[in-house]
Every structure is written in C-alpha cells, then in structure tokens.
Amino acid sequence: MSETLLMLLADARLPVAGHTQSGSLEPALRHGLAVEDIPAYLGARLDSVIRVEAGTAVVARHRSLNGGSLADVELAWAARTPSPALRSSSRHLGRGLLRLALRLWPDHPLLRRVQAMEPPARGVVLGAIAAAGGLSPTSLARLVAYDDLQTIAAAALKLEPLDPADASRWVFDLLPRVDRVAVSLAPLTHPDDIPAVGAPQTEVWAELHTRATRRLFRA
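Residue numbers run consecutively from 1 along every chain, following the written order of its sequence. Local features are withheld for residues below a pLDDT of 70 in this predicted model, meaning they are given only at 70 or higher, and side-chain atom pairs are given and counted only at 80 or more; totals for whole chains, interfaces and linings count all residues. Only hydrogens and water are removed before side-chain values are computed, so all heavy atoms of the structure are retained for them.

### Here's the deal with the overall build of the protein chain
For step 1, the next point in the chain: Counting from the N terminus, the helices are the DSSP runs of H or I reaching at least four residues and the strands are the DSSP runs of E reaching at least two. Looking only at helices and strands, the protein chain has 11 helices and zero strands in total.
For step 2, the next point in the chain: Taken from the N to the C terminus, the helices and strands of the protein chain come in the order α-α-α-α-α-α-α-α-α-α-α.
For step 3, the next point in the chain: For a compact globule of 219 residues, the expected C-alpha radius of gyration is about 17 Å, and the protein chain comes in at 16 Å, within 12% of that figure.
For step 4, the next point in the chain: In terms of overall dimensions, the protein chain has C-alpha extents of about 45 × 35 × 30 Å along its principal axes.
For step 5, the next point in the chain: The buried label goes to any residue with under 20% of its type's maximum accessible area, the exposed label to any with over 50%, and the partly exposed label to all in between, with areas taken from a 1.4 Å probe on protein chains only. Counting every position in the protein chain, which comprises 219 residues, the buried fraction comes to 53%.
For step 6, the next point in the chain: Sequence separation of 24 or more characterises 77% of the internal contacts of the protein chain that already satisfy a separation of 6 or more.
For step 7, the next point in the chain: Total accessible area computed for the protein chain in this model is approximately 9900 Å², and 56% of it derives from carbon and sulfur atoms.
For step 8, the next point in the chain: Looking at charge distribution, the protein chain has the averaged site of its 24 positive side-chain charges lying 5 Å from that of its 22 negative ones. The globule rule is 2.2 Å times the number of residues to the power 0.38, and the radius of gyration it is compared with is taken over C-alpha atoms. We call two residues contacting when some pair of their heavy atoms lies within 4.5 Å. Accessible areas in this description were obtained via Shrake-Rupley with a 1.4 Å probe; residue shielding takes into account the shown protein chains only. Positive charges are assigned to Lys and Arg, negative charges to Asp and Glu, while His and the chain termini are left out of the count. The location of each charge is read from NZ of Lys, CZ of Arg, CG of Asp or CD of Glu.

Next up, the structure:
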C-alpha cells in the first residue's frame with residue numbers, strides 16, 4: 001500500500017500544488033530567466049529549496065513516529081526559509097495536503113496532531129502523512145523532490161509554448177540526483193539536521209511575485 005500511496009501523492013491531478021503553484025518559475029521567467037535555463041533552475045532548486053523541504057519532511061516523519069515536538073521542526077524549517085513568500089506558499093500547500101489527508105484518514109492521531117498546529121508547513125504535513133501511510137524516509141524525500149520538480153515542469157507548459165516531452169525530459173534527467181538527495185536525507189532525525197541551504201535569487205523572485213498584479217499562479 002505504501003508504494004501505491006506514493007504514486008497517489010505524486011499524481012499531478014492531486015487537488016493541490018501544481019494547480020496553483022509554479023515553484024517561482026512564473027516570476028523567474030517574467031524577470032529574465034530564459035526558457036533554455038529552466039533545467040538549470042530545476043537543478044538549483046533541487047540543491048536548495050527542495051533539500052530544505054525534504055529534510056523537514058523526513059525529520060517530521062521521524063518525530064511523528066517517535067515523539068518529540070513538531071513545532072521545533074516547523075521552527076527549524078522557518079529559520080531556513082527566510083522569504084515570507086516561500087513560507088506562505090509552503091503553508092498554503094500544507095493546509096491543502098492536510099485537508100486531503102484528513103479525508104483519507106479522518107481520525108488518525110498523527111494527522112490530528114498536525115491539525116493542531118497553525119499553520120503547518122508542507123514538509124511537516126508530508127512527514128505526518130508518511131508516518132500515517134507507512135512511507136519510508138527515502139520514499140518521502142523522493143516524493144518531495146519529484147513533486148516540486150514536476151510542478152515546475154507542468155507550470156512551464158502553461159507559461160511557454162513548449163513540447164511536453166521536453167518538460168518530461170527535464171525531470172527525467174534529474175532523477176539520479178533526486179535519488180542521491182533522497183538517500184542523503186533519509187537518515188535525518190533531528191531539526192538541527194535539516195539542511196540550511198540558501199536560494200537568494202529564488203527568494204527575490206518569490207517576493208516580487210507577491211506584488212505582481214497579473215499572474216497565472218499563486219506562487
């Protein structure tokens with residue numbers, strides 16, 4: 001069941017994420033990122049924002065299963081995410097994922113514990129979902145990375161006249177790096193272990209997007 005759950009959570013038709021998010025690609029393109037540089041942008045995001053969120057999810061999973069404060073995990077994630085826009089986006093996604101999870105497991109105590117937090121970050125919610133659904137830490141980290149990358153690739157198809165096969169190729173070419181990132185993050189158990197990796201240009205684009213008066217995606 002856990003691997004089937006993994007496929008469900010990675011499904012682009014899920015009623016969260018890609019329907020409202022571009023992973024800051026929309027403002028990046030508006031402020032000078034060339035289409036041919038999107039694969040490099042995906043790789044840079046994998047090394048920064050994704051590592052922080054995936055590490056947060058892995059630690060939240062461990063805390064959900066073994067006790068300890070999820071608020072400390074949330075605080076560690078926030079300290080590593082200086083952009084208010086990126087924090088807001090993650091929490092927006094967290095609320096949507098928690099709503100979905102409570103439809104699937106309405107009385108699960110691990111999810112009710114996250115529900116008491118306001119507002120939970122995406123990584124914290126995914127960690128609790130992984131604990132409730134039996135996902136391994138490696139599968140969880142892989143899910144966080146893949147979901148972020150495919151969200152950006154899907155957004156690119158709405159923002160630019162691209163061949164869908166090219167967007168799929170971008171994600172495919174990064175899969176070996178996704179696996180290496182997932183394996184490296186899987187052993188994390190403490191909030192202090194969450195990677196602290198900056199992404200200043202992504203943060204600038206995210207902040208500019210909040211002031212845009214015409215936009216296709218929320219973030």
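### What to know about the side chain of Thr81
For step 1, the next point in the chain: Relative to the helices and strands, Thr81 resides in the loop between α5 (70-79) and α6 (84-104).
For step 2, the next point in the chain: We define a polar contact as two N or O atoms separated by no more than 3.5 Å, with the added condition that, inside protein, one atom must be a possible hydrogen donor and the other a possible acceptor, whereas residues neighbouring each other in sequence contribute only through side-chain atom pairs. Polar side-chain contacts of Thr81 include one of 2.9 Å to the backbone oxygen of Trp77.
For step 3, the next point in the chain: Excluding its chain neighbours within four sequence positions, the residues that come into contact with Thr81 are Val52, Leu86 and Arg87.

### Examining the packing of aromatic side chains
For step 1, the next point in the chain: Note on aromatic pairs: the rings of Phe, Tyr and Trp (six-membered ring only in Trp) are paired at centre separations within 6.5 Å, and the planes decide the class, stacked below 30 degrees, edge-to-face beyond 60, tilted for the rest. Within this structure, the stated rule accounts for one aromatic pair.
For step 2, the next point in the chain: Aromatic side chains Tyr41 and Trp205 sit 6.0 Å apart centroid to centroid with 65° between the ring planes, which places their arrangement in the edge-to-face category. Placement of the pair is Tyr41 in helix α3 (residues 38-47) and Trp205 in helix α11 (residues 200-210), with a sequence separation of 164 residues.
For step 3, the next point in the chain: Among the residues examined, Tyr41 registers a relative accessible area of 5% and is labelled buried.

### As for the pattern of salt bridges
For step 1, the next point in the chain: A pair is scored as a salt bridge if a Lys or Arg side-chain nitrogen falls within 4 Å of a carboxyl oxygen belonging to Asp or Glu. In the structure shown here, the tally under the stated rule is seven salt bridges.
For step 2, the next point in the chain: A salt bridge links Glu53 to Arg122, with the shortest nitrogen-to-oxygen separation between them at 2.8 Å. Of this pair, Glu53 sits in helix α4 (residues 49-66) while Arg122 sits in helix α8 (residues 122-133); the two residues are 69 residues apart in sequence, bridging distant segments of the chain. The two residues Glu53 and Arg122 agree in class, both being buried.

### Side note on empty space enclosed by the protein
For step 1, the next point in the chain: Of the two site types, the cavity is a set of points on a 1 Å grid over the protein atoms alone where a 1.4 Å probe fits but cannot get out, and the pocket is an open set with protein on both sides within 12 Å along at least five of seven lines, each lined by residues with an atom within 4 Å of a point. Grid points are joined across faces, edges and corners, and a volume is the space filled by probe spheres set on the points. Applying the stated criterion across every chain, the model contains two cavities of 30 Å³ or more.
For step 2, the next point in the chain: Volume-wise, the largest cavity comes out at about 300 Å³.
For step 3, the next point in the chain: Along the walls of the largest cavity sit 25 residues, with Arg45, Val49, Glu53, Leu86 and Asp148 positioned nearest its centre.
For step 4, the next point in the chain: Breaking the lining of the largest cavity down by element, the ones donating at least two residues are α4, α6 and α9 (137-159).
For step 5, the next point in the chain: The biggest single contributor to the lining of the largest cavity is α6, with four residues.

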